[in-house]
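Per-entry structural report
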Amino acid sequence: MQGLMQEWPLLCHKILDHAARQHGEREVVTRSIEGPIVRQTYAQLRSRALKVAQQLQRDGYGLGDRIATLAWNTARHLEAWYGINGIGAVYHTLNPRLFPDQIAWIMNHAEDKLLFVDLTFVPLAEKILPQVPSVKKVIVFTDAAHMPQTTLPGAVAYEDWLAQADGDFQWLALDENTASGMCYTSGTTGDPKGVVYSHRSNVLHAMMAVQPDAMGLSSRDAVMPVVPMFHANAWGLAQSAPMVGAKMVMPGGKLDGESVYELLDTEKVSCTAAVPTVWLMLLQYLESSGKKLHYLKRVIIGGSACPRAMTEKFERDFGVEVIHAWGMTEMSPLGSLCTMKPQHANLAGDALLDVKQKQGFAPFGVEMKVTDDDNNELPWDGKTFGRLKVRGPAVARAYYGGAGYEQFDDENWFDTGDVAHIDENGYMQVTDRAKDVIKSGGEWISTIELENLAVGHPDVAEAAVIGVRHPKWDERPLLVVVPKPGKQPDKQELLNFLEGKVAKWWLPDDVAFVDEIPHTATGKIQKTTLREQFRQYQLPTA
Ligand code: ADP
């Protein structure tokens, strides 16, 4: 017997319809690339998105066309996503922090037809597009007055282009499994791989994200996605914030501590999200300026492990709740969030921080397990670590073009490439990336745990741990440290600081001081480069 309920396809543009209908006057505020703060409402954003859809269709774009965006978080970028989706085309975000050749490779792989670009990235696009013949037209997110001289093919100013439409347009009726967005993984090993979100997965993911035990978003929130729309689908905020009618604050291209603080304060932001690097800059600014966070209630931190000291600072000094989150591009991207279950209700101090160090538990819609190398499931005991595997309606079932098929098994489990353990309460903790874990005498050492501890030292700005060749143990850990400005920490003192906090045989064999640690385009420590840099390093124990 079948249910007798309606077919109501889960389509992204229905989210914007809802926002405009129920929360039409709620604002989307942007620090524009041209400079001034620009204010719009969801109702206005929807009418502009309809114009985007109408103009795209008039220009001949349609179902399945990949339309690239190279842009910061702004209302224009957001309305373009919805307009693109409204004709069944696919927004394809490009990460401007990649090398031009890599971006060109990705665009050619996706066969992008059109590019929306911010003023900031016009020079970058001029370098890329001669290598991408499929792109015949470029729309620059600006008005005629700010339109630069450019060699970009078919370049027009967005506002001129949009002004040709009257907005008398109906979103296309689509199957909910139609592709909605595309985002490539950064490809630290091998070529980048394309992840293709569907309307259905984006809508379900947004419903997952807003839940009270996830990001806990509501119409009363003012949300600032500092995490860029070009990084892992903006952690779903482009869909989840409008879904609940939260005010959105789009920070544009200025992500330094002072600029981020200014928007948090003047726009009364209650919830924000980004990688630890961004919060490091904000906390440094707060420390030097003595400013306080008056309105912020929650900060979602993920992308790499949130250092304990950061959680402590936000919660203790500023009264802001930290929600540590884990995910990946392939998961739309949310996989787990560290909110507190009832058994943690009375925890405080170090015991609470111990839980908050973990990446949290999976919301409804994500299944999770850890296995050994032979795919045997490991116990949830909070210490046995193995390969972390996931599945769910917003988890990829393949990469675009069939790359990386070995990461997916017959039962749809996706091997994340992370190493983790899960505790009795379901809280997962990432101990490493499979390719970064240190194998010392056949036993595994977690580099992330050592790094987290090291950055807790008052003289350490940033720390990375890598395996260095060792004649007896195969590999031993080396701690690489960037000292805080003006500080000269002592090697032995640093090692003493770690002693007693981890098993004795986990302690690094040596400490190296550097001015800078290399980062990937998404702000993660680039271990491959670092390992290369220290390939010939002689450990004192070797
Ligand atoms: P990219 O590799 O392009 O930066 P992703 O954001 O998809 O893109 O990276 C996902 C990976 O980031 C995860 O597999 C994991 O290794 C790491 N990661 C994400 N969040 C966390 C976290 N909270 N703690 C530790 N690692 C994390």
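Description of the packing of helix α11 (residues 308-318) against helix α12 (residues 349-356)
- Two numbers describe how α11 lies on α12: the axes approach to 10 Å, and their chain directions differ by 125°. When the interaxial angle is binned, α11 and α12 end up oblique. Crossing handedness for the pair α11 and α12: right-handed. Together, Arg 308, Thr 311, Glu 312 and Glu 315 of α11 and Asp 350, Leu 352, Leu 353, Asp 354 and Lys 356 of α12 make up the contact between the two elements.
- When grouped by side-chain class, the residues that make up the contact of α11 with α12 number two nonpolar, one polar and six charged.

Structural notes on the pairing of strand β22 (residues 460-470)
- The buried count for β22 comes to eight of 11 residues, which makes it a mostly enclosed element.
- Sheet topology places β22 next to strand β23 (residues 474-483); 10 bridges connect them, and they run antiparallel. Bridge pairing links Val 460 to Pro 483 in β23.
- In this antiparallel pair of consecutive strands, β22 and β23, the connection spans three residues.

Let's talk about the environment of Met 243
- Along the polypeptide, Met 243 turns up in helix α8 (residues 237-244).
- Given a relative accessible area of 17%, Met 243 falls into the buried group.
- Residues Met 243 and Val 269, 26 residues apart in the sequence, show an inter-C-alpha distance of 17 Å.
- In this structure, Met 243 is in contact with Ile 15, His 18, Val 203, Ala 206 and Met 207, ignoring residues within four places of it in sequence.

Concerning the sheet that holds strand β16 (residues 367-371)
- Within the open sheet, the four strands sit side by side as β16-β17-β18-β19. Their pairing is antiparallel. Two strands bound the open sheet, and with one partner strand each, they are β16 and β19 (428-433). Each strand of the sheet is rotated relative to its neighbour by a mean of 45°, with strand direction disregarded.
- As defined by bridge partners, strand β17 (residues 386-391) adjoins strand β18 (residues 414-422) across four bridges and the pair is classed as antiparallel. The residue bridging Arg 387 from the neighbouring strand is Val 419, located in β18.

Considering the site of the ligand
- Around the ligand lies a shell of 17 residues, among which Thr 329, Asp 418, Arg 433, Thr 522 and Lys 524 are the nearest.
- Arg 433 places a polar side-chain atom, nitrogen or oxygen, 2.8 Å from an oxygen atom of the ligand.
- When the ligand is considered free in solution it has 570 Å² of accessible area, and contact with the protein chains removes 94% of it.
- In terms of residue count, strand β14 (residues 321-327) provides more of the shell around the ligand than any other element does, four residues in total.
- Of the residues contributing to the shell around the ligand, the split by class is four nonpolar, 10 polar and three charged.

Considerations on the packing of aromatic side chains
- Summed over all chains, the structure comprises 17 aromatic pairs.
- Ring geometry for Phe 116 against Trp 161: centres 5.8 Å apart, planes inclined by 75°, an arrangement best described as edge-to-face. With Phe 116 in strand β5 (residues 114-117) and Trp 161 in helix α6 (residues 158-163), this residue pair connects regions lying 45 residues apart in the sequence.
- Relative to Tyr 537, the ring of Phe 534 has its centre 5.5 Å away and its plane inclined at 70°; by these criteria the two rings are edge-to-face.
- A relative accessible area of 23% places Tyr 537 in the partly exposed class.
- In this arrangement the basic side chain of Lys 193 is found over the ring face of Tyr 399, its NZ or CZ atom lying 5.3 Å from the centre.

What about the sheet that holds β22?
- With respect to topology, three strands assemble into an open sheet ordered β22-β23-β24, the strand pairing being mixed. The open sheet has two edge strands with one neighbour each: β22 and β24 (510-513). Across the sheet, the mean angle separating the axes of adjacent strands is 30° when strand polarity is ignored.
- Across the sheet, helix α13 (residues 447-454) is in contact with β22 and β23; its angle to β22 comes to roughly 145°.

Description of empty space enclosed by the protein
- Within this structure, the stated rule accounts for one cavity of 30 Å³ or more.
- Each pocket or cavity is described by its volume, and for the largest cavity that value is around 30 Å³.
- Along its surface, the largest cavity is lined by Tyr 261, Leu 264, Asp 265, Val 269, Lys 292, Leu 293, His 294, Tyr 295 and Leu 296.
- Classifying every residue of the lining of the largest cavity gives six nonpolar, one polar and two charged.

Considerations on the environment of Ala 71
- Tracing the backbone shows Ala 71 in the loop between β3 (66-70) and α3 (75-86).
- It is 8.6 Å that separates the C-alpha atoms of Ala 71 and Gly 253, two residues lying 182 residues apart in sequence.
- Residue contacts for Ala 71: discarding those within four places in its chain leaves His 77, Asp 118, Phe 121, Phe 141 and Phe 230.

Quick notes on unusual backbone geometry
- Residue Pro 333 follows Ser 332 across a cis peptide bond; omega there is 10°.
- Mapping Pro 333 onto the fold places it in the loop between β14 and β15 (334-337).
- Phi is positive for Asn 233, which is not a glycine, with a value near 60°.
- Assignment of secondary structure puts Asn 233 in the loop between β10 (222-225) and α8.
- Classification of Asn 233 by relative accessible area gives buried; the value is 1%.
- Even without being a glycine, Asn 412 presents a positive backbone phi close to 75°.
- As for its placement among the helices and strands, Asn 412 is situated in the loop between β17 and β18.

Definitions and limits used
Residues numbered from 1 in each chain as written. Predicted model: local features only at pLDDT ≥ 70, side-chain atom pairs only at ≥ 80, totals over all residues. Heavy atoms only, no water. Axes fitted to C-alpha atoms, helices over the stretch in contact; angles between N-to-C directions. Helix = DSSP H or I, 4+ residues; strand = E, 2+ residues; numbered from the N terminus. Parallel < 35°, antiparallel > 145°, perpendicular 65-115°, else oblique. Left-handed = near helix turned anticlockwise from the far one by under 90°. Contact = heavy atoms within 4.5 Å. Nonpolar A, V, L, I, M, F, W, Y, C, P; charged D, E, K, R; others polar. Buried < 20%, exposed > 50% of the residue type's maximum accessible area, 1.4 Å probe, protein only. Pairing = 2+ DSSP bridges. Near = heavy atom within 4 Å. Polar contact = N/O pair within 3.5 Å; in protein donor to acceptor, adjacent residues only side chain to side chain. Areas by Shrake-Rupley, 256 points an atom, 1.4 Å probe, with all protein chains shown as cover. Phe/Tyr/Trp six-rings, centres within 6.5 Å; stacked < 30°, edge-to-face > 60°. Lys NZ or Arg CZ within 6 Å of the ring centre and 35° of its normal. 1 Å grid on protein atoms, 1.4 Å probe; cavity = no way out; pocket = protein on both sides within 12 Å on 5 of 7 lines; lining within 4 Å. Points joined across faces, edges and corners; volume = space filled by probe spheres on them.

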